[in-house]
Amino acid sequence: MPNALLSRRDLLNGGTAALVMAALSERASARSPERRLALFNANTGERYDACFFANGRYRADGLAELNHAMRDWRTGATRTMDPKLLDLLVHVRDRLDVSSHKPLRLVSAYRSPKTNGRMHARSHGVASKSQHMLGKATDIAIPGVHLNRLRDAALSLRAGGVGYYPHDGFVHVDTGALRHWS
Ligand SMILES: [Zn+2]
């Protein structure tokens, strides 16, 4: 029955190839999963969806897009945002089982010295040497996720500062020293 043998061998080869492909792609994604951020800027209405890490390294185009997205919207000033802050947002989002394509609501990120000085003069809650000025902080919310869950997810990562602002509708996260406040 040569025909039957052939077809059986073909079937086996095909099945093995599919298994190898699946194992390879699984290994590739485990080694360097892609990292992306979708953002909705609450001040300007702009939307961004950028892949900033792929194939084991940070991507310049994705980082540039996010630096722009997270600029000081009042003055237009940009700064290189700390990539660890972007990673932190990805981890917070993953911990909450939120899809990578669902936009985070961006309330504030980089603040130029001018903007921070003005805000500091108005409110004692704004630090004069803010992590926002270093490109290491952002104030965010996730539509559909209660703020205290967002805060708890950020706290559980123990990756920096976490501030809880329920009246303003956001959680502050930064990659500075480990601390928290509300
Ligand atoms: Zn903040």
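Refer to the structure above for everything that follows.
Scope of this entry: the structure provided in the associated data block. Owing to the predicted nature of the structure, the values given are computational and were not obtained by experimental measurement.

Before going further, it helps to examine the overall build of the protein chain. Check the secondary structure of the protein chain and you find 5 helices and 8 strands. When the helices and strands of the protein chain are read in sequence order from the N terminus, they spell out α-β-β-β-α-α-β-α-β-α-β-β-β. Taking all 182 residues of the protein chain together, the buried fraction comes to 29%.

The subject of this paragraph is the sheet that holds strand 5 (residues 137-141). With mixed pairing, 8 strands are arranged side by side in an open sheet as 3-2-1-4-5-7-6-8. Two strands close off the open sheet at either side, each with one partner strand: strand 3 (57-58) and strand 8 (179-181). Bridge count for strand 4 (residues 104-108) against strand 5 is 3 bridges, and the pairing is antiparallel. What sits directly across from Ser-108, in strand 5, is Asp-139. Strand contacts of helix 2 (residues 60-69): strand 1 (35-41), strand 2 (47-54), strand 3 and strand 4, with the helix running at about 145 degrees to strand 2, the strand carrying the most contacts.

As a further point, take the nonpolar core. Core analysis: the biggest nonpolar cluster contains 29 residues, and Leu-37, Leu-66, Val-171 and Val-173 have the highest contact counts within it. Looking at this core, the elements with two or more residues in it are strand 1, strand 2, helix 2, helix 3 (83-95), strand 4, strand 5, helix 5 (147-157) and strand 7 (170-174). The element contributing the most residues to this core is helix 3, with 5 residues. Apart from the residues lying within four places of it in its own chain, the contact partners of Val-171 are Ile-140, Ala-141, Leu-147, Leu-150, Arg-151, Ala-154, Val-162, Gly-163, Tyr-164 and Tyr-165.

The next subject is helix 2. Note: α-helices contain 3.6 residues per turn, so residues at a spacing of three or four share the same orientation. Those residues of helix 2 not exposed but buried are Gly-62, Leu-66 and Ala-69. All buried residues of helix 2 project into a common sector of 55 degrees when viewed along the axis, lining one side. Of the exposed residues in helix 2, the ones pointing more than 90 degrees away from its buried face are Ala-60 and Asp-61.

One can describe the packing of helix 3 onto helix 5 by two numbers: an axis separation of 9 Å at closest approach and a directional angle of 120 degrees. Comparing their axes, helix 5 and helix 3 come out oblique. At the point where helix 3 passes helix 5, the crossing takes the right-handed sense. Where helix 3 abuts helix 5, its residues Leu-88, His-91, Val-92 and Arg-95 lie against Leu-150, Ala-153, Ala-154, Ser-156 and Leu-157. When its residues are assigned to classes, the contact of helix 3 with helix 5 shows 6 nonpolar, 2 polar and 1 charged.

Looking now at helix 5. Regarding helix 5, the residues found buried are Leu-150, Arg-151, Ala-153 and Ala-154. When helix 5 is viewed along its axis, its buried side chains cluster within an angular range of 160 degrees and face the same direction. Opposite the buried face of helix 5, by more than 90 degrees, sit the exposed residues Asn-148 and Ser-156. Looking at the buried positions of helix 5, the neighbouring elements they touch are helix 3, strand 5, strand 6 (161-165) and strand 7. Following helix 5 by one or two positions, Arg-158 adopts a phi angle in the positive range, close to 50 degrees.

A few words now on the environment of Gly-169. Looking at the secondary structure, you find Gly-169 in the loop between strand 6 and strand 7. In this structure Gly-169 comes out as exposed when scored by C-beta crowding, with 12 C-beta atoms within 10 Å. Spatially, the C-alpha atom of Gly-169 lies 6.9 Å from that of Ala-141, the residues being 28 residues apart in sequence.

In terms of burial, strand 5 is largely enclosed, as 5 of its 5 residues are buried. Across the two faces of strand 5 the burial is the same, with Ala-137, Asp-139 and Ala-141 and Thr-138 and Ile-140 all buried. Taken together, the 4 bridges between strand 5 and strand 7 define a ladder with antiparallel strand orientation. Residue pairing for strand 7: Ala-137 is matched across the bridge by Asp-174.

The rules behind each value
- Residues numbered from 1 in each chain as written.
- Predicted model: local features only at pLDDT ≥ 70, side-chain atom pairs only at ≥ 80, totals over all residues.
- Helix = DSSP H or I, 4+ residues; strand = E, 2+ residues; numbered from the N terminus.
- Buried ≥ 20, exposed ≤ 12 C-beta atoms within 10 Å, placed from the backbone.
- Pairing = 2+ DSSP bridges.
- Contact = placed C-beta atoms within 7 Å.
- Axes fitted to C-alpha atoms, helices over the stretch in contact; angles between N-to-C directions.
- Core = buried A, V, L, I, M, F, W, Y, C linked by C-beta atoms within 7 Å.
- Arc of directions from axis to C-beta.
- Parallel < 35°, antiparallel > 145°, perpendicular 65-115°, else oblique.
- Left-handed = near helix turned anticlockwise from the far one by under 90°.
- Nonpolar A, V, L, I, M, F, W, Y, C, P; charged D, E, K, R; others polar.

By themselves, these observations are geometric and do not establish any function.
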